[in-house]
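What the coordinates show
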Amino acid sequence: MALARTARRWLTLVVALVLAATGVYIASTVLNRGESPVVEGCTALLNGNEESLATDQAANASLITAIAVRRGLPARAATIAIATSMQEAKLRNISYGDHAGPDSRGLFQQRPSQGWGTEEQLMDPVYATNAFYDALVKVPGYESMTVTEAAQKVQRSAYPEAYSQHEDLGRAYASALTGNSQASLNCTLRKPDAAGDPSAVRSALEQDYGQAAVGVVAGKTISVQASGTLAWSVAQWAVANAKGLGVTRVQVDGQAWIRDGNKGWSDAQNPPDVVVITVANAP
């Protein structure tokens, strides 16, 4: 029996070493049997339908929508822009050409050879998004067009019908991130592995929203004076950027989003007409 136990121990050790050598990660299974694995991602709910994005995609959707809010554009503009970016670049700021052309770049796969700007400019998501909206607002009646019609007027794609498959996703995220749908955007995230920087959150807010969302830093919190749809826009922007900026809690209009334990949105006592964003302490 002792010999059998010894043999089993050696076999277990050999298997563990082989798995480690091949890159198979088993520590979480062995050490955290009581915890469910966390699959990170974001969802937006609209009219009973839930649309999912990876965390980096949701962050880019939040930038696209915040710039629409900053410019005073309707939520429809953000819907068109998000759907277009999803089709052209999977809502990622890619640095290589795809089906749009060998020199296409960025969130919208815009091309320097077609006068959209330099490659460096098009790799700047803020510049690229503004360039898209500059072209969109010149399209008469774009607000009442289908996503395919409006996007095609701007992009002139070889595959114009492809934009329509992303309309529901675009509407869900645009509605949440413009603040028209309250407490409808949620991100499931692991615990932060580093402290958050409240000054970085403030800078990102001002980059995306301009003077509409100037934050005041106090310790680990950033407070933004806002009410109505703007408040919910900023709050759900913070949720969409929680992974990259180390956000752990967002408070707005009697609600709070809590990162720990994937609690999502729940009732809370908050000061009126202010969004309070809290970042992580050092782990």
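This text goes with the structure placed above it.
Residues numbered from 1 in each chain as written. Predicted model: local features only at pLDDT ≥ 70, side-chain atom pairs only at ≥ 80, totals over all residues. Heavy atoms only, no water.

What follows concerns the overall build of the chain. Within the chain one finds 11 helices and nine strands. Here the chain holds 283 residues, and 47% of them are scored as buried. Within the chain, counting contacts between residues at least 6 apart in sequence, those at least 24 apart form 60% of the total. Roughly 14100 Å² of accessible area belongs to the chain as shown, and the carbon and sulfur atoms make up 52% of that amount. (Helix = DSSP H or I, 4+ residues; strand = E, 2+ residues; numbered from the N terminus. Buried < 20%, exposed > 50% of the residue type's maximum accessible area, 1.4 Å probe, protein only. Contact = heavy atoms within 4.5 Å. Areas by Shrake-Rupley, 256 points an atom, 1.4 Å probe, with all protein chains shown as cover.)

Either a parallel or an antiparallel arrangement is found when strands of a sheet pair, and the pairing is made through backbone hydrogen bonds. The three strands are arranged 2-1-3 in an open sheet whose pairing can be described as antiparallel. Of all the strands in the sheet, just strand 2 (49-53) and strand 3 (185-188) have a single pairing partner and so form its edges. The sheet shows a mean angle of 25° between the axes of neighbouring strands, taken without regard to direction. When strand 1 (residues 41-46) meets strand 2, the two strands line up antiparallel, connected through five bridges. (Pairing = 2+ DSSP bridges. Axes fitted to C-alpha atoms, helices over the stretch in contact; angles between N-to-C directions.)

Quick look at the state of the cysteines now. What makes a disulfide is a covalent bond joining the sulfur atoms belonging to two cysteines. Enumeration over the complete set of coordinates arrives at one disulfide. Disulfide pairing is shown between Cys-42 and Cys-187; the S-S distance is 2.0 Å. Here the S-S torsion is close to 105°, and the disulfide linking Cys-42 with Cys-187 is therefore right-handed. Here the residue Cys-42 occupies a position in strand 1, and Cys-187 occupies one in strand 3, the gap between them amounting to 145 residues. You can call Cys-42 buried: its relative accessible area is 2%. With relative accessibility at 3%, the residue Cys-187 sits in the buried group. (Disulfide = S-S within 2.5 Å.)

Even without being glycine, Gln-109 reaches a positive phi, approximately 50°. Of note, Gln-109 is situated in the loop between helix 4 (75-89) and helix 5 (119-122). Relative accessible area serves as the criterion here: at 3%, Gln-109 is assigned to the buried category. One non-glycine residue with positive phi stands out, namely Ala-183, at about 50°. According to the relative accessible area criterion, Ala-183 is partly exposed, its value standing at 31%.

All right, on to the side chain of His-166 then. Position of His-166 among the secondary structure elements: in the loop between helix 7 (147-155) and helix 8 (167-177). Contacts of His-166, omitting those with residues within four sequence positions, involve Ala-83, Met-86 and Gln-87.

For the structure shown, the criterion picks out six salt bridges. Among the ionic pairs, Glu-40 bridges to Lys-243, the shortest N-O distance being 2.8 Å. Remark: Lys-243 occurs in helix 11 (residues 242-245) and Glu-40 occurs in the loop between helix 2 (27-31) and strand 1; sequence separation between them is 203 residues. In this structure, Arg-105 and Glu-119 form a salt bridge, with 3.3 Å as the shortest nitrogen-oxygen distance. You can see Arg-105 sitting in the loop between helix 4 and helix 5 and its partner Glu-119 sitting in helix 5, a full 14 residues away along the chain. Among the charged side chains, a salt-bridge network with shared partners connects Glu-40, Arg-190 and Lys-243. (Salt bridge = Lys/Arg side-chain N within 4 Å of Asp/Glu carboxyl O.)

Our focus in this paragraph is the side chain of Glu-88. Residue placement: Glu-88 occurs in helix 4. With no salt bridge to any partner, buried Glu-88 finds its closest opposite charge in Arg-111, at an N-O distance of 9.8 Å. Engagement of the side chain of Glu-88 in a polar contact is seen with the side chain of Gln-155, the distance being 3.4 Å. (Lys, Arg positive; Asp, Glu negative; His and termini not counted. Polar contact = N/O pair within 3.5 Å; in protein donor to acceptor, adjacent residues only side chain to side chain.)

Right, let's get into the sheet that holds strand 5 (residues 221-225). Strands sit in the order 4-5-9-6-7-8 across an open sheet of six strands; the sheet is antiparallel. If you trace the sheet from one side to the other, it starts and ends with strand 4 (215-218) and strand 8 (264-267), each paired once. Within this sheet the neighbouring strands show an average axis-to-axis angle of 20°, counted without direction. Across the sheet, helix 9 (residues 198-209) touches strand 4, strand 5 and strand 9 (274-279), and the angle it forms with strand 5 is around 30°.

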